[in-house]
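The residues making up each chain are set out below.
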Amino acid sequence: MQEVGEHLISILVVGQDGLVVDILTRDSGKIDEKKFVGAFSSLAELVLKKITLDFDLGTFGAGTFDTDRYRFIFCEAGVEHVMVSILHPKALVDEIFPYTYLTADKVARIIDGELPVSPVIPKIIRENEMERIKRKMEYYQSKPHSPEYVYKLSIIGDRGVGKTSMAQRYVHGIFQADYKATIGTFISKKECKFDELKTAVRFMIWDLAGQNQFQRLWPDYLTDSRAGIIVYDISNRESFENVKKWYDIITKVAYPSLILVIAGNKIDLEDSRVISKDEGMELAIELGIYYMETSAKTNENIDDVFEWIALQIINKNIEMLKDTLLDKRVEDSSKYIISGPELKLLNHHFTKQLDYCIGTKDTKDIIKYLDMLKTIEKNKF
Ligand code: G3D
Ligand code: MG
């Protein structure tokens, strides 16, 4: 209510049977709750009937309903309850929607007995802010040879597998035990540096909300991902079984040379493990992608996942460059003609190391560099 402001008049949690389980009003002094519930119930009876039906069919997610006095947002809160937000008739439903999703998700967790559930509402990126970020992202992605270039990396997987924890761990070096469902997407930027290679890969990390309510947004948010981490929880079989679904979703909309890794997270919960390492590996082989086991809690292998992706990106770029250069090989020696854009790409990747190499136009150094890259990868992964 603090976040949304005065346009949010009341919130009700209603059972599948239409009975009000709980009610919260902005200013209970002004509203007689009992009367209010009564008025609301008769008013929304029809809607609730429809919801109950949809519930039985398993198709209900969220919806809105307007009367001349109020606007309503209905949002599924677990399998047996609906959270109803009652708004001022002038309220902007689109802006309030994410808050109701988030709150409904927390209500569901409380009802499920998943305690403790933190009452903290994370910062929500509003739609217009999202648009701004998307435009910025498009701008960055449109300049592959510029030093501003960033790689879009999407973290996907079921709810609760630890996507946000992984991103937080990698970007800020922290693990927050407090539950925070991600609404829409969280985006953060981080540079993955390789001192030995004197280069860095800049990531724009998109942390996607895994709740089904956001399904319609997934393809949109994952568009043009250059890299992806599909996370599952080693103590949750369902999350593992959904890895394929996530694989299909991202490969449909991502960049053609997408770099993917599967992360089996929460290996600190060894006692509750239900997916063996072999099973994880098998799936990765089947999908033709890399596999790693992690713990955002103990920080095991978290940096490595991102580092591995960064190395693959560098590798791909250099291989591409090498192929172009080899095409242009001049007969007698290892001297090549490097064009303007290639020079820029080189400069982008090897800020110092290849200044020299570019100066001499000698690609022996590029090949040496590739070897270095492979050695790092071999030793580490
Ligand atoms: P999500 O973004 O994929 O939905 P979150 O997942 O990062 O929000 O994490 C969901 C819950 O799993 C959180 O617990 C979080 O603390 C916990 N978690 C994340 N990673 C690990 C891990 O590596 N090990 C363990 N043991 N727990 C982890 P709460 O209780 O806050 O819901
Ligand atoms: Mg999250």
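Cut-off values and rules
Residues numbered from 1 in each chain as written. Chains lettered and ligands numbered in written order. Predicted model: local features only at pLDDT ≥ 70, side-chain atom pairs only at ≥ 80, totals over all residues. Helix = DSSP H or I, 4+ residues; strand = E, 2+ residues; numbered from the N terminus. Buried ≥ 20, exposed ≤ 12 C-beta atoms within 10 Å, placed from the backbone. Contact = placed C-beta atoms within 7 Å. Pairing = 2+ DSSP bridges. Axes fitted to C-alpha atoms, helices over the stretch in contact; angles between N-to-C directions. Core = buried A, V, L, I, M, F, W, Y, C linked by C-beta atoms within 7 Å. Expected span 1.5 Å × (residues − 1). pLDDT = per-residue confidence, 0-100.

K.L.:
Would you mind going over the overall build of the protein chain with me for this structure?
P.N.:
The helix and strand inventory of the protein chain stands at 12 helices and 11 strands. Within the span of the protein chain, comprising 381 residues, buried residues form 37% of the whole. When contacts within the protein chain are restricted to residue pairs at least 6 apart in sequence, long-range pairs at least 24 apart make up 66% of them.

K.L.:
Sorry if this is basic, but what is going on with the sheet that holds strand β5 (residues 81-87) here?
P.N.:
Strand pairing in a sheet is mediated by backbone hydrogen bonds. Such pairs are either parallel or antiparallel. Ordered in space as β2-β1-β5-β4-β3, the five strands form an open sheet in which the pairing is antiparallel. The open sheet has two edge strands with one neighbour each: β2 (20-25) and β3 (62-66). Across the sheet, the axes of successive neighbouring strands diverge by a mean angle of 15°, strand direction being ignored. Sheet analysis places β3 next to strand β4 (residues 71-77), joined by five bridges and oriented antiparallel.

K.L.:
It is not clear to me how the nonpolar core should be interpreted in this structure. Could you clarify?
P.N.:
One recurring pattern in soluble globular proteins is that nonpolar side chains are buried together. Within the largest apolar cluster, 52 residues are counted, with the highest numbers of intra-cluster contacts made by I155, F203, I230, V261, V305 and I309. At the level of elements, β6 (151-156), α4 (163-172), β8 (199-208), α5 (218-222), β9 (227-233), α7 (243-253), β10 (259-265) and α9 (302-327) are the ones that each hand at least two residues to this core. Residue contributions to this core peak at 10 residues, all from α9. For F203, the contacting residues outside a window of four places in its chain are V150, Y151, L153, K189, K190, C192 and F306. Counting residues in each nonpolar core, the second largest holds 24 residues, with I73, A77, M83 and L87 among its members.

K.L.:
Can you help me understand the environment of G15 in this one?
P.N.:
One can find G15 in strand β1 (residues 8-15). The exposure class of G15 is partly exposed, given the 14 C-beta atoms found within 10 Å. Along the primary structure G15 and M83 are separated by 68 residues, whereas in three dimensions their C-alpha atoms are 8.8 Å apart. With near-sequence residues (within four places) excluded, G15 lies in contact with V21, E80 and H81.

K.L.:
What's the story with the pairing of β10 in this structure? I'm lost.
P.N.:
Within β10, seven of the seven residues are buried, which leaves the element mostly enclosed by the surrounding structure. Neither face of β10 is left uncovered, since the one carrying I259, V261, A263 and N265 and the one carrying L260, I262 and G264 both have all their residues buried. For β9 and β10, the ladder comprises seven bridges, and the chain directions are parallel. Residue pairing for β10: I230 is matched across the bridge by I262. Note: β10 against strand β11 (residues 290-293), four bridges, orientation parallel. Opposite I262, over in β11, you have Y291 as the bridge partner.

K.L.:
Help me understand helix α2 (residues 93-111) in this model?
P.N.:
Because each turn of an α-helix spans 3.6 residues, side chains separated by three or four positions end up pointing in the same direction. Between its first and last C-alpha, α2 extends 25 Å over 19 residues, near the 27 Å set by a 1.5 Å rise per residue. Phi turns positive, to about 80°, at G113, one or two residues after α2.

K.L.:
Just to check I follow, could you spell out the confidence of the model for the protein chain for this structure?
P.N.:
Predicted coordinates in regions of low pLDDT should not be interpreted in detail. Confidence along the protein chain averages 75 in pLDDT terms, with 63% of residues attaining 70 or more. Throughout residues 329-338 the model reports pLDDT below 50, and contacts reaching past four residues in sequence, or to other chains, amount to 17 contacts. Scored below 50 in pLDDT, residues 350-362 makes 21 contacts in the model with residues more than four places away or belonging to other chains.

K.L.:
Sorry if this is basic, but what is going on with unusual backbone geometry here?
P.N.:
One can expect most non-glycine residues to show negative phi and most peptide bonds to be in trans. Residues other than glycine seldom take positive phi values, yet D224 does so here, at roughly 65°. In this structure, K266 takes a positive phi of about 70° despite not being glycine. Overall, the presence of 26 C-beta atoms within 10 Å leaves K266 in the buried class.

K.L.:
Looking at this structure, how should I read the environment of K193?
P.N.:
If you trace the backbone, K193 turns up in strand β7 (residues 185-194). Looking at K193, the number of C-beta atoms within 10 Å reads 14, which means it is partly exposed.

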